[in-house]
Amino acid sequence: MQAAVRVRGLTTSLNSARRYKFKSPEAAVDHIVIGGGVVGLAIARALSRRFPDKSTVLIERHTRPGEETSSRNSEVIHAGLYYPPNSLKTRLCLRGRQMLYTYCAEHNVPFQRLGKLVVGREEQREYLTMLHAKAQALSAPPHWNHSTDTQVLPTEVINGDAAHERVPELAREITSALWSPSTGIVDSATLLTSLEKDIEEAAGMIAYATRAVRIDATTESGPGWIVQTVTSSNENTGHPDATFARMLINAAGLGATSVLNEILPPSLRIPLYYARGAYAVYRGPGVRGINHLVYPAEEASAAKGASFHSLGTHLTLDMAGNVRFGPDIDWLSAPDSAARDEDVWEAHLSPDEEHARSMYAAVLRYLPGVKLEGFQPDYAGIRPKLAPPGAPFQDFVVRTDYPDQRDGTAPMVSLLGIESPGLTASLALAEMVVEDMLVGMYERRL
């Protein structure tokens, strides 16, 4: 496990350089969603379908969806094993897993329910037994569909012989494992395209290559938010577009704290920490007969409580059955001064041979037959962390701010620190935001 290191977080806002001045709105919509990753798409889809008589616009700064964290991860549908039972990460992972399997089956999104082995040495047996006991004690989260899943989180502790039957190339030192049959994989690119199609079919709008640059709370003609945006055609003119939104959803992922900080005083602004995870494709010996995901218990079991920041370098499979290892974890310090926004991480998206060597050393602990020359650096992703290394467990944060806190209408809902299991939890996050938060708010207005 990587030792705790000191890293600088990045505390900035969209308009830190104060380039953009206040501007009165030129148009008005009911909902603006900032961020076209899987969570933003899921929320825009839910809004468009739940409120067909209201206007929903999603803005995404890239030219296509999911260009950041959503497309640079393991593509795993997580079971919900690791986090505190009553945390949002656990509850939303459980419900999100159920929703995601159903959605993929109904919308022809490729997925496979492969199952996962969490493998451990003798000293990790107690940890694996604890995970199993926790899984069996979990209660169904809100909105759980009991007709499709009678058991919330099925697991089984198996001995070393049984683990070696499932994964023949495991190290002899592996003496027990936790079997999680509900873990799977999903084609994230097809999932993103499917959600995008759903939004458009529900008359929602998506504006790509459109970047939010300033946000102002307003109560002048009713409470809401003035969102200034630029596109490639007007970014250099100094004349952004300004739109009034009656509700604002901040699902900007790596930029979510910068969006929220735009409306906070400097003393209350929230830093974001960046953790890079690199992946490598593997073609070589030592992985014969592997049809399941394989996770080492070592790193998570060595952490105190649920404070770990990584599940260790694990083996996943893609939809074609190819083996991939990762992610590792490499904390990135923000520069001493960032001129504008959250883009400081973009220079760190290409893994190198050193990452492949460190992954090889980690994988040897449970798959001793792999060879270094079989590891080829593939890609890297950045995880948005609200807490630095060594901090205790940090849950997802779903925060609500209002133009007038006394009024309590026209919310800005910010989703912060949505890292793993964010892909799995995406549909459940949308369900929570729309059904549990916004529907009630609309009903109270009637």
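As the structure is a prediction and not an experimental result, all values here were calculated from the model. Along each chain, residues carry numbers from 1 onward, in the same order as the chain's sequence is written. In keeping with the model being predicted, local features are shown solely for residues with a pLDDT of at least 70 and side-chain atom pairs are shown and tallied solely at 80 or more, while totals for entire chains, interfaces and linings include all residues. Water and hydrogen atoms were dropped before computing side-chain values, which therefore reflect all heavy atoms in the structure.

*Asks:* Any details on the overall build of the protein chain? Residues and values, ideally.
*Replies:* Scanning the protein chain from terminus to terminus reveals nine helices and 20 strands. Atoms counted for the radius of gyration: C-alpha only. Globule rule: 2.2 Å times residue count to the power 0.38. A globule of 446 residues ought to have a C-alpha radius of gyration of about 22 Å, and the protein chain, at 22 Å, matches this closely. Expressed along its principal axes, the backbone C-alpha trace of the protein chain runs to roughly 70 × 50 × 35 Å. Across the 446 residues that make up the protein chain, the buried fraction comes to 58%. In this description, contact between two residues means that some pair of their heavy atoms is separated by no more than 4.5 Å. Partitioning the intrachain contacts of the protein chain with sequence separation of at least 6 by distance along the chain shows that 77% fall at a separation of at least 24. A 1.4 Å probe and the Shrake-Rupley method give the accessible areas. Residues count as covered only by the protein chains that appear here. As presented, the protein chain carries roughly 18,300 Å² of accessible surface, and 49% of it is formed by carbon and sulfur atoms. Looking at the protein chain, you have 44 positive and 51 negative side-chain charges, and the mean spots of the two groups are 3 Å apart. Each helix corresponds to a stretch of at least 4 residues labelled H or I by DSSP, and each strand to a stretch of at least 2 residues labelled E; elements are numbered beginning at the N terminus. With a 1.4 Å probe rolled over the protein chains alone, any residue whose accessible area is under 20% of its type maximum counts as buried; one over 50% counts as exposed, and the rest are partly exposed. Residues counted as positive are Lys and Arg, residues counted as negative are Asp and Glu, and His and the chain ends are not counted. Charge positions are represented by NZ for Lys, CZ for Arg, CG for Asp and CD for Glu.

*Asks:* Could you give me a rundown of the packing of aromatic side chains, with the residues and numbers involved?
*Replies:* Aromatic pairs are defined between Phe, Tyr and Trp rings, using the six-membered ring for Trp, whenever the two ring centres lie within 6.5 Å; interplanar angles under 30 degrees are classed as stacked, those over 60 as edge-to-face, and all others as tilted. Following the criterion strictly, the structure yields eight aromatic pairs and no others. Seen in terms of ring centroids, Tyr83 and Phe393 are 6.0 Å apart; in terms of plane orientation they differ by 40°. Their pairing is tilted. Highlighted residues: Tyr83 in the loop between β3 (76-77) and α2 (88-107) and Phe393 in the loop between β18 (375-385) and β19 (397-401), separated in sequence by 310 residues. Ring geometry for Tyr282 against Phe325: centres 5.7 Å apart, planes inclined by 70°, an arrangement best described as edge-to-face. Taken together, the residues span a long stretch of sequence, with Tyr282 in strand β13 (residues 273-282) and Phe325 in strand β16 (residues 323-326) at a distance of 43 residues. Phe325 gets classed as buried once you look at its relative accessible area, which sits at 0%. Linked through ring pairs, Tyr282, Phe325, Tyr360 and Phe375 together constitute an aromatic cluster. Between Lys116 and the ring centre of Tyr295, over which it is positioned, the NZ or CZ distance is 4.1 Å. Comment: the charge-over-ring label is applied if NZ (Lys) or CZ (Arg) is within 6 Å of the ring centre and within 35 degrees of the ring normal. The ring of Trp179 carries Arg166 above its face, with NZ or CZ at 4.2 Å from the centroid.

*Asks:* With reference to specific residues and values, describe helix α5 (residues 188-201).
*Replies:* One turn of an α-helix holds 3.6 residues; hence residues three or four places apart share an orientation. Taking 1.5 Å per residue, 14 residues should reach 20 Å; α5 reaches 20 Å between its end C-alpha atoms and fits that length. Two N or O atoms form a polar contact when they lie within 3.5 Å of each other; inside protein one atom must be a possible hydrogen donor and the other a possible acceptor, and for residues adjacent in sequence the pair counts only when both atoms belong to side chains. The backbone nitrogen of Ala189 has a side-chain oxygen 3.2 Å away, supplied by the residue at the start of α5, namely Asp187. Once α5 finishes, Ala203 follows within two positions and takes phi at roughly 70°, a positive value. By this rule, a helix spans an expected 1.5 Å times one less than how many residues it contains.

*Asks:* Could you give an account of the pattern of salt bridges, with specific residues and numbers?
*Replies:* In what follows, salt bridge is the name for a side-chain nitrogen of Lys or Arg lying within 4 Å of a carboxyl oxygen of Asp or Glu. Going through the model one piece at a time under the given rule, you end up with 18 salt bridges. Taking the shortest distance from any N to any O, the salt bridge between Arg246 and Asp30 comes out at 3.3 Å. Taken together, the positions of Arg246 in strand β12 (residues 241-250) and Asp30 in strand β1 (residues 27-34) put the pair 216 residues apart, joining distant regions of the chain. Residue classification places Asp30 among the buried positions, given a relative accessible area of 14%. Note that Glu122 and Arg125 form a salt bridge whose closest N and O atoms lie 3.0 Å from each other. One network of salt bridges, in which partners are shared, links Lys89, Lys385 and Glu419.

*Asks:* Mind laying out the state of the cysteines, listing which residues take part and the relevant values?
*Replies:* Pairs of cysteine sulfur atoms within 2.5 Å are identified as disulfides in what follows. Under the definition given, this model contains zero disulfides. Left unpaired, Cys104 is separated from the closest cysteine sulfur, that of Cys93, by 14 Å.

*Asks:* Residues and numbers for the environment of Gly66, please.
*Replies:* Relative to the helices and strands, Gly66 is located in the loop between β2 (56-59) and β3. Along the chain, Gly66 and Pro411 lie 345 residues apart, while their C-alpha atoms are 25 Å from each other. Once residues within four sequence positions are removed from consideration, Gly66 is found in contact with Gly36, Gly37, Ser71 and Leu192.

*Asks:* Describe in detail the packing of α2 against α5, supporting the description with residues and values.
*Replies:* Two elements in contact, α2 and α5, have axes whose closest approach is 11 Å; the angle formed by their N-to-C orientations is 75°. Comparing their axes, α5 and α2 come out roughly perpendicular. Where α2 abuts α5, its residues Leu100, Tyr103 and His107 lie against Leu191, Ser194, Leu195 and Asp198. Residue polarity follows a fixed list, in which Ala, Val, Leu, Ile, Met, Phe, Trp, Tyr, Cys and Pro are nonpolar, Asp, Glu, Lys and Arg are charged, and the others, Gly among them, are polar. Along the lines of polarity and charge, the residues of the contact of α2 with α5 split into four nonpolar, two polar and one charged. Axis lines are fitted through C-alpha atoms, for helices just across the contact stretch, and the angle between N-to-C directions can take any value from 0 to 180 degrees. For classification purposes, an angle smaller than 35 degrees is called roughly parallel, one larger than 145 roughly antiparallel, one from 65 to 115 roughly perpendicular, and anything else oblique.

*Asks:* Break down the packing of helix α1 (residues 38-50) against α5 for me, citing the residues and quoting the values.
*Replies:* Contact geometry for α1 and α5: axes closest at 9 Å, N-to-C directions at 25°. Taken together, the axis directions place α1 and α5 in an arrangement best described as roughly parallel. The hand of the α1/α5 crossing is left-handed. Taken together, the residues of α5 that come into contact with α1 (itself represented by Val38, Leu41, Ala42, Ala44, Arg45 and Ser48) are Leu191, Leu192, Leu195, Glu196, Asp198 and Ile199. If you view the pair so one helix is near and one far, a crossing is left-handed when the near helix is turned anticlockwise from the far one by less than a right angle, and right-handed when it is turned clockwise.

*Asks:* Residue-level account of the nonpolar core, with values.
*Replies:* By nonpolar core we mean a set of buried residues, namely Ala, Val, Leu, Ile, Met, Phe, Trp, Tyr and Cys, connected to one another through side-chain atoms within 4.5 Å. Within the largest apolar cluster, 50 residues are counted, with the highest numbers of intra-cluster contacts made by Tyr82, Val287, Leu315, Phe325, Tyr366, Leu367 and Phe375. Considering every element that reaches this core, the biggest residue donor is helix α3 (residues 125-137), with four residues. Grouped together as the second largest cluster of nonpolar side chains are 46 residues, Ile43, Ile206, Met247 and Leu427 included.

*Asks:* Tell me about the sheet that holds strand β4 (residues 111-112), residues and numbers included.
*Replies:* One open sheet accounts for three strands, arranged β3-β8-β4; its pairing is antiparallel. Lying at the two open borders of the sheet, with one neighbouring strand each, are β3 and β4. Strands qualify as paired when DSSP identifies two bridges or more between them.

*Asks:* Lay out the side chain of Asp216 in plain terms, naming residues and giving numbers.
*Replies:* Assignment of secondary structure puts Asp216 in strand β10 (residues 210-218). Residue class for Asp216 comes out buried when judged on its relative accessible area of 14%. Separated by 2.7 Å, the side chains of Asp216 and Arg214 make a polar contact.

*Asks:* An account of the side chain of Asn73 is needed here, citing residue identities and associated values.
*Replies:* With respect to the helices and strands, the residue Asn73 is situated in the loop between β2 and β3. Assessed through its relative accessible area of 15%, Asn73 is described here as buried. Apart from the residues lying within four places of it in its own chain, the contact partners of Asn73 are Tyr279, Arg324, Tyr379 and Leu423.

*Asks:* So, the pairing of β2: which residues are in play, and what are the values?
*Replies:* Burial along β2 is two-sided: the residues Thr56 and Leu58 and Val57 and Ile59 are all buried. With four bridges connecting them, β1 and β2 associate as parallel partners. Residue His31 lies in a different strand from β2, and its bridge partner there is Thr56. Viewed along the sheet, the connection from β1 through α1 into β2 turns out right-handed. Alignment of β2 against strand β9 (residues 205-207), held across three bridges, turns out to be parallel. Looking at the pairing, Ile59 lines up with Ala207 of β9. We call a crossover right-handed when, viewed with both strands directed away from the observer, the connection leading from the first strand over the helix to the second proceeds clockwise.

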